[in-house]
Structures are given as C-alpha cells and as structure tokens.
Amino acid sequence: MRDPHVAGSWGACPLHLLTGLWCPGCGGLRAVHDLTHGDLAGAWGMNPLVVTLLPLAVLGWAVWTWRSATGRAWRAPRPAWAWTALAVVVAFAVLRNLPPLAPYLAP
Amino acid sequence: MSSSDPQFPVPGPADPWRKPDTGAAPGGAPEPGPVPGAYPSGPAYPPEPTYGSAPAPGYGSAPAPGYGVAPAPGGYAPGYGYGYGYAPGGYYPKNSYAVWSLVLGILSLVSCGFLTGVPAIIVGNNAKKAAAVGEADNPGMATAGVVLGWIGTALSAAGLLIYLFFVVFAVVMSATTPST
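Residues numbered from 1 in each chain as written. Chains lettered and ligands numbered in written order. Predicted model: local features only at pLDDT ≥ 70, side-chain atom pairs only at ≥ 80, totals over all residues. Heavy atoms only, no water.

Okay, helix H3 (residues 139-176) of chain B next. Residue and element names in this part refer to chain B. The end-to-end C-alpha distance of H3, which contains 38 residues, comes to 54 Å, matching closely the 56 Å that a straight helix rising 1.5 Å per residue would cover. Within H3, the full set of buried residues consists of Ala142, Gly145, Val146, Leu148, Gly149, Gly152 and Thr153. Those residues of H3 that are buried are in contact with helix H1 (95-112) and helix H2 (114-132). (Helix = DSSP H or I, 4+ residues; strand = E, 2+ residues; numbered from the N terminus. Expected span 1.5 Å × (residues − 1). Buried < 20%, exposed > 50% of the residue type's maximum accessible area, 1.4 Å probe, protein only. Contact = heavy atoms within 4.5 Å.)

Moving on, we come to a nonpolar patch on the surface. A cluster of nonpolar side chains, Val90, Val94, Leu95, Leu98, Leu101 and Tyr104 of chain A together with Leu109, Val110, Val147, Ile151 and Leu155 of chain B, forms an exposed patch at the surface whose accessible area comes to about 930 Å². Looking at where valine 94 of chain A falls in the secondary structure, it is placed in helix H5 (residues 79-95). (Patch = residues over 30% accessible without salt bridge, like charges linked within 9 Å, V, L, I, M, F, W, Y side chains within 5 Å. Areas by Shrake-Rupley, 256 points an atom, 1.4 Å probe, with all protein chains shown as cover. Salt bridge = Lys/Arg side-chain N within 4 Å of Asp/Glu carboxyl O.)

This part is about the pattern of salt bridges. Residue and element names in this part refer to chain B. Within this structure, the stated rule accounts for one salt bridge over all chains. Here glutamate 135 ties to lysine 94 by a salt bridge, and the two come within 3.5 Å at their closest N and O atoms. Here lysine 94 lies in the segment before H1 and glutamate 135 lies in the loop between H2 and H3, a separation of 41 residues in the sequence. In this structure glutamate 135 comes out as buried when scored by relative accessible area, which is 13%.

Before going further, it helps to examine H2 of chain B. All names here are of chain B. Taking 1.5 Å as the rise per residue, H2 with 19 residues should run 27 Å; its terminal C-alpha atoms sit 26 Å apart, in good agreement. Residues of H2 that are buried include every one of Thr116, Gly117, Ala120, Ile121, Gly124, Ala127, Ala130 and Ala131, and no others. Where H2 is buried, its residues touch H1 and H3. Just past H2, the residue glycine 134 takes up positive phi, approximately 95 degrees.

This is a description of form; function is not addressed.
Take a look at the structure:
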C-alpha cells in the first residue's frame, strides 16, 4: 500500500492545487494510514476531524447494521444532528485555513 | 409494530384508510381533545373529533399513513393522541431525510463534491417519496437537497475529468517529448 505521506503517491488534490486551501478532508488519507499503523498522534496531526468522526461513523454503521438485522426499524438521525454536522465541518474548513490555527488543524 | 388492542387497531401499510382522501371515517380518538395539529391530512379528516360514530372501524390512530407502522422510540402505540410531538419527529417521522439531504447537498458544493453529492441525491429522493405519502412535510427542502447534490456531483465530476485529462496530457507529453 502506497504511503500517502510521500508527495504524489496518490496523485494530487485538485482543490488544493487550485486554491491552496485545505478542505475538511485534507489529510484524511494520511490520517487513516497513520491509524492503521497505530500512530494516533500522527493521525491526529493530519486531520483531527477525521480521527474524531471515524469511530462515530463506525459506531453508527454498526448500530444501523444491528437494527436492520434484528428487524427493528431505523430512524434517520434528528435534523439537529444534520445542522450540527454542517456547522462543524464548515467551521473546521474555515478554522484550519487560518494561520494561527493551521499548525494544529491542518496536515 | 402494531398494538394488540382490538378496539383501536393500528393500521398497517396496506390499510385502506391510509389515504386521507378516501374520506376516512371520523373514528374518534379515545382521549378527549386530541392535538388538532397532529392530523396532517387536513380537510379529509375533520379536526373536531366526532366521538360516538360507532360504525367506523375503530380508526383510533393517526390518519397519517406510516404512523401505524412507524417505530415508536417515544412510545406511540396505545396512547393515540399523546406521544405526538414528544417523540423526535413526532408528527412527520421522515422530516429529517430532507434536512440531511440539504446538509449533504451544501457540503457537496462547499468541499466534498460527489462524495456527499451522491448521498444527497439519494436521501433527497427518499425524502420526496416520504413527503408524497405523508410521512414528511418538507418536499421543498428535499428538492433543494437533490438539486444541490446534482450540482455538486456534476461540478466535481467535471473537475475530476478535466484533472484526469491534464494528468494524461502531462504523462503523454513527457513520454513523447524527445529528451534533449
């Protein structure tokens, strides 16, 4: 498996090439790569949002699988969660591109 | 999930009384004063409860189709008339679909492209279907989510194609340019 830390190993991100900005997913692949190698601190440095949301996503998927398998109906999460998710992702996208916070939030 | 109370059977999905425009007989709710706003199928179901219309098959549950089969995390079942508005998504259980579609659509335009754009289209279409049968009351928001999802998907797909074109172009150029 190619090491995404090596520049260009997985291609280049069009958004970053065009704008120089880091989108909320930037560093996500490197973060997952670090997680599979057990490097939690490194993964956090790559993309804290992905590191936080990944276990939640896995949990949500497990809950959905369980509910579907046992025949219990599954309800879509409340709208409040949707707006929260939007706010968090947009805030992350904005904050990680601000110079004072970039060392902590950007890859 | 259906109540076992024979007097107020919870209608299933094929229940002929589901559609509001069949002129559903006003079987009264068992408790006095059901919340008037709880009946989304307005004109066909008189808000004034006409109790004592005994001949109606005990249509004691909500007229909105899907209520009878909706899961009850907040406890719908025997207490028709209460529980509405207390459970999350009480009146319209599938309202959240359109909201998620809109959020995913916005994200697809802002940064995620087709990654959230395709789910936005799928969830938005499900939301529109839910609104068509009365399980949701926000088809406009669902349409917005679908539209944004399509725009985000199309733009990012076009961008990806252009990007790949340039990659191929660069590879071809470097491969065929004679080295000096």
